[in-house]
Structure formats: C-alpha cells, structure tokens
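Examination of the molecular architecture
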Amino acid sequence: LAQVASGPLPTARGVRRRSPPQRGCSEAPRRRGMQAYASMAGRFWGGGDAAESSSGHSSGEDEDAGQTQDSASDSESSSSRTSGSSSRTSSTSSNSGSESDEDEDAKLERKMLRWLIIPEHTPAARPPGRRRRPGAARNRNTVSDADSSATEPVDYTLEALVKEVAQTAQTRGRRGFDRREYARKLAALMPCAQRHGPRVQLYIWSSMVSADLDAAGGALVPMKSQLWSEAFDKVSAMLPLLEESYHELRGLGISETEIFEGQDAGTADPTCHARQQAFVISAAMKLDDELYKALQNTQDAYGFEYQEILSLSPQTLMLLKRMLGFLESTKQDQPLGMVALRFMEHLYYKPDALNKALYESIQDRVGDSEKASWCWPANSKVLMATLSRYVRATGQVRQLRKALLFQAYHLALHDLFHEAHDVLSLCNVQGQADKSESDIDMTILYHRVLAQMGLCAFRLGMTQVAYNCLRNLCMHGKARVLLAQGFSHSNLQDGTLELERAQRLRQLPLHMHISLDVLDSVHHLCTMLLEMPSLAMESLDPTNHRMTSRVLRTAIEKHDKLPCTGPPESAQDAVVVAAKALRWGDWQSACNAVEGLKLWDHIDVGCRERGQQVKAEIMRQMTVEALRAYVFSHASIYDAFDVERLVGMFALPAKTVRSVVSKMIAKEEVIACWDESSRCLLMQHVEPTPLQRLALKLADKGAQLHEGSVRLAGPLLTGRGLAERGLEGSSAGHADHPGAGRGGQQRFGKVALGFNDVRKGRGRAAAAASP
C-alpha cells in the first residue's frame, strides 16, 4: 500500500515530494490504493493535528519495514489487510455516494494535504543555524536585519570611522567585488565624516576614486567615458577639501614644513594631509593619461566619438589650473613643477587663437570669481616662460628638458625662430635629445620641435635654415615614423608583438599632428630654391657638382624620361615642373606651377591670411633664383648684361638686381665686373687651365671627404662615443683626468709627441725637434 501511494502528489509549499512510482505499476491499482489509504486516514486520523498524522505515517512505514524482514508473516498480514481494506473501501464508497456531488479528486486532494503538510518542513521551521543552498530562491519582498541595520546612521568616533573605511577598502580586488555597493557603503559614512573634518572626507573620497581607477583598462584599452566622468567629479570635489585641510592645519599653528615634510612623512595615518595631496595629484595625472589614451585608441578620428572625448579636455585643463593656483599659493616646488609641466603639455602645440577660444569657452562654465583667471594673455611666451621656471625649480633634468622643448615648440609656432633656437640650445637640449636613444618620447618631441622650427623659418623666408631643419626628417620619407604619426610597415612585419604594442603607445592623437603634406611641400620648395642655381651653374663650370638634394634631381630625370606629361597631380610633381622652368630662368611658369598648392592655406594654422604673405615672399625668392639661374646659364654666351633689360625680364627693382649680381661676383660664382656707369655687367671669359680644373676638382673631393669624416666621427668626439669603446679619458688629452693622454703615448710614442715632457716643462728641445 505504501508503494502504491508513493506516486506524484500536487506541488505546494511545504509538501514533501515522494519518489516516483516503480515501473510496472498500472494506474488503476494505484488509484484504488490511494482511495483506500485516504479512507483509513479519514477514519482514524480525520480531524487530528499534523503531529498525529505524521506519527501514523511513521507507524505505517515501520509496519512496511517489518513486512520486508519476515516474508511469511508479510503474506498473511497482507492478505488480511487486503480483505479488510476491500470491505472498508466498499462501505466508504457507498457512504460517499450519499454525500454532496463534490468532485472526488478535489476531496481526495484536500484530505491528502491535511495530513501530508508537516510543520518541520515549512520555511518557518528551518533551524536557525541552517545555511541556505547557493542556488535556492530567496524571498525578495522581505528585508533582512543586516540590510536594515546597514541603512541606519551610526555615529562613529574618528578612530572607529577610519578603521571602518579601512576594512571596507580591503574588499577591493576580491572575488565578487561590486564597485557600486562599495561606493554606496563609503557614501553612507560621509555624513559622519563631515563632523570630523576634511581629512577624513579626503580619505573616503580617495578610497572611492581608487576603486574607480582600478576599473580602468589596460595599456591599450582606455577608461570608459562614464566611469571617467564619475572619477573626475570625485577628484574635483577633493580639491576644495584639500585647501580646507591646509588652512585648518595652518590655523592650528603648524608650519608648512611640518605639514608637507615633518609631520606627515613618517606617520602611518592614512588621513594625513601630505598623503592625500599626493593622491589628488596622482589621480589627476592618471585621469589625464586615460583621456590621452582614449584619444589614441579611437579608430575614427573624424567621428562623433573622438569629438566627444576631445570635449572633455577643457575639464582636465580646469582641474590643472585650480591645482596650479593652490600649489602656487602654498609654494610647493616639486608638485608645482609636475602640474606646470602637465599644464604646458595641454597648451604648447596650440596657437594663440585656439587657446584664446578655449579660455573663452571655459569662462562660460566657471563662476564669476574665476572668470578673471581665464583670460588668455596677450603675450603667451611670458606664460610659457613662467611655467618653465616652475619646472626648473624642481631640479629634475628630464622634466626640464621636456619643458624647454615645449617652450621652443610654442615659440616656433608663433614665428619667434631666434628665441626658439636659443631655448633649444640652452643646456644642450638638442644634443641630449638627439643622443638619448633609450628615451624615445623625448626624441619624438625633439623631432616635432625641429619640424615646427623648419616651418617657422620657411614662413620668415629663411630658406636655407628651413632646409637644414627639415632635411633629416623628410629626406627619406620617414617623417611619419619620426613624428609618431604613423607606423612603419617594414617594422611591423619584421618586429614582434611587443614592438608593435610599443609603437601604438607612442602614437600621437590626430589633433596634435603636424601636416605631413605641408612638411613635404615646404621641403620640396626649399630644395628647389637651393638646387636649381647649382644645377644651372654646371653649364658655366662642368666641374661643379654641388648637389643639394639627390631626390629632386632623380625626380627631374624621371620626369624628363616620360613620353608624355600632364598637369601635376601632387605637390612633388608641381615642384618638379617649377624646377624645370626655373632652371632656364622662366620664373612666370615656375610661379604658376606652385601657385595652386594647398600649402598656402595651411602654412599658418593660427592665421590663414598669413599664407598669402608667405606665398608672395616665396614668389619673390623664386624670381631672384630665376635671375641667378639665367645669368649662370647664359654667361658663356653673352659678353654683357644690361641691367634695365634684366629688370624688365624679371620684374625686379634695379637695386635688387644689382645686389644679387654683386653677391654672385663677391662669391666668385661668376667672373664679371660692372662698368663705370653700373648699368652693364661685363663678363670675362677666362677658361681655366687643365691644372686649375684638376685642382678645383681635388678641392671639391677633399671638402666632401672632410664633411663625411666629420659626420662619421661625430659620436667619437664626445664622451659617449669614447665610453662605448672603453677609451674615455685615454685619448682626449685632458690634464684633469688621471691617465689622460696615455693612449696617445702608447700608440705614437712618448718621444714623438712629448706630452708629459712639455706639460711638466721638460723635454722642450725634443718637442721642438719633433716634426
């Protein structure tokens, strides 16, 4: 009977589930057994409590257990119980027919539920120490005592509050850490912290910001914009508390030295002022780095996402400016230099017009008390010099070099070439940045300064200086890599993943790029103005092989070999066409070829009208170089040149024509002289002898050999090159180093050079006798 009654029952809370019925048991006997069992339960336990039903159920189970032990008594008792139960079933069925017409299944279910609901299996009867299973369902409508007690405000003492914050902060980094819940717990402690002063509030804010910065991505994954904004708001809220903490300590009579060095340096108190100030500065730097990283890793630089990230830059600038004002008032050299350097990094590459517009947009966001400080100065170089002086006060050599490079770039951007050159030469920044191969970031910045100085010299009409600045950048087409504005495909193919990752981390955002088209156009124009007169001089002197740019000559040779030529398609093609016309003195065709370049609209990003002035100056220089090329190419044909005719041909003033020709005579580029009236240039056709030609050729070869030797031996003449070969101090011949000059004595002999004898006043006769 127990096996038959062990079928599936209606599911409800507190109902004990039975095991499924055994296979082979049909439905009809199982239902008859359930009816018989229900009738017995209604007869003996009907109206009884759950405890009696459970006891009857347990006795039935004991009876079944006894049946399994003795098979003989089991058969007899089962037969007697079957006969008795059949008689009771018939009587029960007859009595149920006389009752109401209620559904039999519903009555059966109600009767079974009366005795199957056991109190010890209900949710209220769970033992106090019993733990809930991990996958068990929870009642969301009930509020636990722990949650209700957590929301109640608790008044902590200062030590207890610091301990509570420290214990909460220890949950960072553990499995299942919830940043939102962590911030909510710390925010609940903020009302109590306000009663204990600003330093405890700074400690709570720093714990919250630390959790936000922990959620930042890796080296190539930027911080999410929403998370960055939340962390930035918290750091901005910490700065007023930092100022309040400083004034509070000063009000207690504590000196500045004790605040920043003596009192807080050796203490383990997490709420000390110096530690919180260092955290605020480092958090601001970290947020600025994350913003820079987001600009680096944005795929579409012209899309809305890049513009949205770039719009967050003024907020960082506002935070740095406020920190700069606080550190200036407290006169802290080290943190002031760090913040000033980061502030310069936001301003150095922007022209005055853009910085002025940026300051005006910030004025609309700040209050009336801060609007006066957000006025862009009329002379920006004074501001950059002040910031550079703050960095110099730190005594950090690398930071000072970086600040000087920022200052030189800003000066060159505003056409102050000589001032930029002086700053670049200060403290040997040029040599140190060029030789610091390990510090690639400094080398990239140095190349950016060179590029900007080349553009500055071109705008000022200094063609030779501009060419010298841009020669190493644009000669072999490596400007994209040297300026960190692109990748080298050969390096990516041959390099490893670490090299590719390092190159991606060094790339500059798009808004900081220098136009490569502008650089190439300027380089080609400078090369044309310097190369064409030398190329025209070869017709006068075939032994003259001065070559300024092999690239331009190769491009001209390729252009001459083309079967048919069309209009120029690029800036280089336009310069090649202009160079061919300039070689024979056709200045009008040369000017028409370069007039349509886009260079003139982008040569000065701060003032587009300045491009027309630069264009006019370059056209004038092209006319002058056309005059020189015309004189060189026709000097062997004409006996004299009329000044008035040259003025009419090249549309230049007579004073300019006389000045140009006089310089050519002074440099011995042409053998000529002026007549008594200075209206005609008389050419002297004197052919050099073969010996003179060979002597001139030998002199040119010697000059080329000397220049190449100096270029190769440049690193050897410095301490770095000597140190690499282990010869530092051995061949330099300095008397202040021990053992100086010994290498030269061992190599050439003491008697031949007599270093020590002459230096000590002995052996002068041997020194005089030596050749």
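From a predicted model like this one, the values you see are computed outputs, not experimental measurements.

Time to look at the overall build of the protein chain. Helix and strand counts for the protein chain stand at 39 helices and three strands. Relative to its 771 residues, the protein chain shows a buried fraction of 38%. Long-range contacts, defined here as pairs at least 24 residues apart, represent 64% of the contacts in the protein chain between residues at least 6 apart. Here the protein chain displays about 44,900 Å² of accessible surface, and carbon together with sulfur accounts for 52% of that area.

Moving on, we come to the pattern of salt bridges. Evaluated as defined, the whole model comprises 23 salt bridges. Between Arg342 and Glu345 there is a salt bridge, with the nearest N and O atoms lying 3.7 Å from each other. Highlighted residues: Arg342 and Glu345, both in helix H15 (residues 333-347), separated by three residues, approximately one helical turn. Note that Glu669 and Arg628 form a salt bridge whose closest N and O atoms lie 2.8 Å from each other. Taken as a pair, Glu669 in the loop between helix H33 (654-666) and strand E2 (672-674) and Arg628 in helix H31 (residues 610-634) lie far apart in primary sequence, 41 residues in all. Overall, Arg628 belongs to the buried group, its relative accessible area being 16%. Look at the salt bridges and you will find they share partners, linking Arg179, Arg180, Asp212, Glu230 and Lys234 into a network.

For the rest of this paragraph, the subject is the packing of helix H14 (residues 313-330) against H15. The interhelical angle for the contact between H14 and H15, taken along N-to-C directions, is 150°, at an axis separation of 9 Å. By the angle between their directions, the pair H14 and H15 is classed as roughly antiparallel. Handedness of the H14/H15 crossing: left-handed. Residues Ser313, Thr316, Leu317, Leu320, Lys321, Met323, Leu324, Leu327 and Glu328 of H14 form the contact with H15, whose participating residues are Pro335, Leu336, Val339, Ala340, Arg342, Phe343, His346 and Leu347. A breakdown of the residues in the contact of H14 with H15 according to their chemical character gives 11 nonpolar, three polar and three charged.

This part is about the nonpolar core. With 171 residues, the main nonpolar core has Phe458, Leu519, Val522, Met528, Leu599 and Met622 as its most contacted residues. It is helix H26 (residues 516-537) that contributes the most residues to this core, 13 residues altogether. Residues within four places of Leu599 in sequence aside, it is in contact with Phe458, Val518, Ser521, Val522 and Leu525.

With that out of the way, let us pick up the packing of aromatic side chains. Under the counting rule described, the total for this entry stands at 11 aromatic pairs. Measuring from ring centre to ring centre gives 6.0 Å for Tyr246 and Phe326, while their planes differ by 85°; the resulting arrangement is edge-to-face. Highlighted residues: Tyr246 in helix H10 (residues 225-251) and Phe326 in helix H14, separated in sequence by 80 residues. For the residue pair Tyr246 and Phe326, the accessibility class agrees, reading buried in each case. The interplanar angle of 65° and the centroid separation of 5.7 Å between the aromatic rings of Tyr630 and Phe650 together place this pair among those described as edge-to-face. In this pair, Tyr630 sits in helix H31 while Phe650 sits in helix H32 (residues 643-650), placing the two residues 20 residues apart along the sequence. Taken individually, Tyr630 and Phe650 each receive the classification buried, so the pair is uniform in this respect. Of the aromatic side chains, those joined through ring pairs into one cluster are Tyr348, Tyr349, Phe406 and Tyr409. The cationic tip of Lys321 hangs over the ring face of Trp374; the distance from NZ or CZ to the ring centre is 4.4 Å.

For helix H29 (residues 587-595), the set of buried residues is Trp587, Ala590, Cys591, Ala593 and Val594. Buried residues in H29, looked at end-on, bunch into an arc of 160°, giving them a common side. Tucked inside the fold, the buried residues of H29 contact H26, helix H28 (571-583), helix H30 (599-602), H31 and H32.

Below, the discussion takes up a nonpolar patch on the surface. A grouping of Leu220, Val221 and Leu505 is seen on the molecular surface, where their side chains present a nonpolar patch of about 220 Å² in accessible area. Inspection of the secondary structure assignment puts Leu505 in helix H25 (residues 497-506).

Before going further, it helps to examine the environment of Arg645. If you trace the backbone, Arg645 turns up in helix H32. Sequence spacing of Arg645 and Arg679 is 34 residues, and the spatial spacing of their C-alpha atoms is 9.9 Å.

A low pLDDT score tells you not to read the predicted coordinates there in detail. Considering every residue of the protein chain, the mean pLDDT works out to 76; 69% of them sit at 70 or more. Low pLDDT, under 50, characterises residues 119-151; the stretch is placed with 11 contacts to residues that sit more than four places away or in other chains.

Moving on to the side chain of His524. Of note, His524 is situated in helix H26. Note on His524: relative accessible area 17%, which makes it buried.

Here strand E3 (residues 680-683) shows one buried face, formed by Leu681 and Met683, and one open face, formed by Cys680 and Leu682. In this sheet, E3 lies alongside strand E1 (residues 640-642) in antiparallel orientation, the contact comprising three bridges. Each bridged residue has a counterpart across the sheet, and for Phe641 the counterpart in E3 is Leu681. Across three bridges, the pairing between E2 and E3 is antiparallel. The residue of E3 that forms the bridge with Ala672 is Met683. The hairpin turn running from E2 into E3, its antiparallel successor, is five residues long, and Ser678 in that turn takes a positive phi close to 60°.

Ordered by their spatial adjacency, three strands build an open sheet running E1-E3-E2, and the pairing between neighbours is antiparallel. If you trace the sheet from one side to the other, it starts and ends with E1 and E2, each paired once. Geometrically, the sheet is characterised by an average inter-axis angle of 20° between neighbouring strands, direction not taken into account. Its contacts with the sheet put H33 on E2 and E3, and the angle it makes with E2 is roughly 140°.

Cut-offs and rules
Residues numbered from 1 in each chain as written. Predicted model: local features only at pLDDT ≥ 70, side-chain atom pairs only at ≥ 80, totals over all residues. Heavy atoms only, no water. Helix = DSSP H or I, 4+ residues; strand = E, 2+ residues; numbered from the N terminus. Buried < 20%, exposed > 50% of the residue type's maximum accessible area, 1.4 Å probe, protein only. Contact = heavy atoms within 4.5 Å. Areas by Shrake-Rupley, 256 points an atom, 1.4 Å probe, with all protein chains shown as cover. Salt bridge = Lys/Arg side-chain N within 4 Å of Asp/Glu carboxyl O. Axes fitted to C-alpha atoms, helices over the stretch in contact; angles between N-to-C directions. Parallel < 35°, antiparallel > 145°, perpendicular 65-115°, else oblique. Left-handed = near helix turned anticlockwise from the far one by under 90°. Nonpolar A, V, L, I, M, F, W, Y, C, P; charged D, E, K, R; others polar. Core = buried A, V, L, I, M, F, W, Y, C linked by side-chain atoms within 4.5 Å. Phe/Tyr/Trp six-rings, centres within 6.5 Å; stacked < 30°, edge-to-face > 60°. Lys NZ or Arg CZ within 6 Å of the ring centre and 35° of its normal. Arc of directions from axis to C-beta. Patch = residues over 30% accessible without salt bridge, like charges linked within 9 Å, V, L, I, M, F, W, Y side chains within 5 Å. pLDDT = per-residue confidence, 0-100. Pairing = 2+ DSSP bridges.

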